[in-house]
Amino acid sequence: MKYAYYPGCSAESTARDQYQSTRAVSRALGIDLVEPKGWTCCGSTPAHQVNNDLAVSLAAANLLKVKTMGLDMVVSCASCFNRMKTANSEITSDPAVRERVADALGEDYDGSVRVRHFIEVILEDLGIDNFKKSLTRTLGGMRVASYYGCLLVRPAEVTGFDDPENPVSMDLLVSAMGGVGLDWPHKVECCGASLTLTRPDLVVKLSDSIIGMARDSGADCIAVACPMCQMNLDMRQVDILKNTGKRYDMPVMYITQLMGLCLGYRHMSLD
């Protein structure tokens, strides 16, 4: 199994843990991830709020690179995943957008590259049974609140990732690893995303609600697939304690980190 892997800008900074664990898991499962040469920023969440055509062009520039590779694009960052899927949707549904993007890039892109999240590749291409056969450890009944957030599942007609109200993809992986995937009501609630810089007060409030519900649902940890979600739910626990007096000490881990541990990795560096 070979894919073009788009790591995104946070791979070498705030989401290095996700990048390294995704690479480690792919090695253990025989999945060949090839980074497109010269990949660039997809625009993430801020760009389309400034100029939609240029935001689509940022994503399309990378999709064009992948098209020449003749492979599906695999993404582990939920924000990058959403932007790539959105670019494909807008280019294929609106000829005027496609024309303006072609003008910006100096080359036409037809929206044909298939964009997949790494979780989809594990479940759909490798298969849950083959995944289970590769495991060397289990989660030993750990109760995991799988948190999907906004960008993986919405808008549903664009992302096509699981049920937008009650997704279960990560829960299936948790169960396969010997954990307990909790049925809890806040799995797709917004954590505030990139408002972490402009409205930290809202992020603290939203994160407090999510972490509190995970705790009340009996979670030992929260599993995520989005760098912004991981950062908000993990780092904002200090602010929640300062503002509300609530101490959670709730571990917030990437789903790929849990997978790597069950595949036998103690350290998931790229060395």
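In this report, we go over the structure that sits alongside the text. (Residues numbered from 1 in each chain as written. Predicted model: local features only at pLDDT ≥ 70, side-chain atom pairs only at ≥ 80, totals over all residues. Heavy atoms only, no water.)

What about the sheet that holds strand E8 (residues 252-254)?
Backbone hydrogen bonds hold the strands of a sheet together, and the pairing may be parallel or antiparallel. Pairing is parallel in the open sheet, where four strands are placed in the order E6-E5-E7-E8. Since the sheet does not close on itself, it has two edges, and those belong to strand E6 (180-181) and E8, each with one partner. (Pairing = 2+ DSSP bridges. Helix = DSSP H or I, 4+ residues; strand = E, 2+ residues; numbered from the N terminus.)

A short note on the pairing of strand E7 (residues 221-224)
Burial along E7 is two-sided: Cys221 and Ala223 facing one way and Ile222 and Val224 facing the other are all buried. Bridge count for strand E5 (residues 143-146) against E7 is three bridges, and the pairing is parallel. Pairing of Val144 across the sheet is with Cys221, part of E7. In this sheet, E8 lies alongside E7 in parallel orientation, the contact comprising three bridges. (Buried < 20%, exposed > 50% of the residue type's maximum accessible area, 1.4 Å probe, protein only.)

Considerations on the side chain of Ser26
Counting through the fold element by element, Ser26 comes out in helix H1 (residues 16-29). Among residues more than four places away in sequence, those in contact with Ser26 are Ile31, Leu33 and Phe118. (Contact = heavy atoms within 4.5 Å.)

Comments concerning the packing of helix H5 (residues 118-126) against helix H8 (residues 169-176)
For the pair H5 and H8, the least separation of the axes is 10 Å and the interaxial angle reads 60°. With respect to each other, H5 and H8 are oriented oblique. For the pair H5 and H8, the sense of crossing is left-handed. In this structure, H5 uses Ile119, Ile122 and Leu123 to contact H8, whose residues at the interface are Ser169, Met170, Leu172 and Leu173. Each residue belonging to the contact of H5 with H8 can be placed in one class, and the counts come to six nonpolar, one polar and no charged. (Axes fitted to C-alpha atoms, helices over the stretch in contact; angles between N-to-C directions. Parallel < 35°, antiparallel > 145°, perpendicular 65-115°, else oblique. Left-handed = near helix turned anticlockwise from the far one by under 90°. Nonpolar A, V, L, I, M, F, W, Y, C, P; charged D, E, K, R; others polar.)

Let's talk about the pairing of E5
Examined bridge by bridge, E5 and E6 share two bridges and lie parallel to one another. Paired with Arg143 across the strands is Val180, a residue of E6.

Topic: the packing of aromatic side chains
Inspection of the entire model under this criterion finds four aromatic pairs. Each ring, one from Phe81 and one from Phe161, has its centre 6.1 Å from the other, and the planes form 75°; the classification is edge-to-face. One end of the pair, Phe81, is in helix H3 (residues 78-93); the other, Phe161, is in the loop between helix H7 (156-159) and H8, and 80 residues separate them in sequence. Relative accessible area serves as the criterion here: at 0%, Phe81 is assigned to the buried category. Ring geometry for Tyr147 versus Trp184: centroids 6.4 Å apart, planes at 50°, classification tilted. Remark: Trp184 occurs in the loop between E6 and helix H9 (195-198) and Tyr147 occurs in the loop between E5 and H7; sequence separation between them is 37 residues. With a relative accessible area of 1%, Tyr147 lands in the buried category. (Phe/Tyr/Trp six-rings, centres within 6.5 Å; stacked < 30°, edge-to-face > 60°.)

Read these as geometric descriptors, not functional statements.
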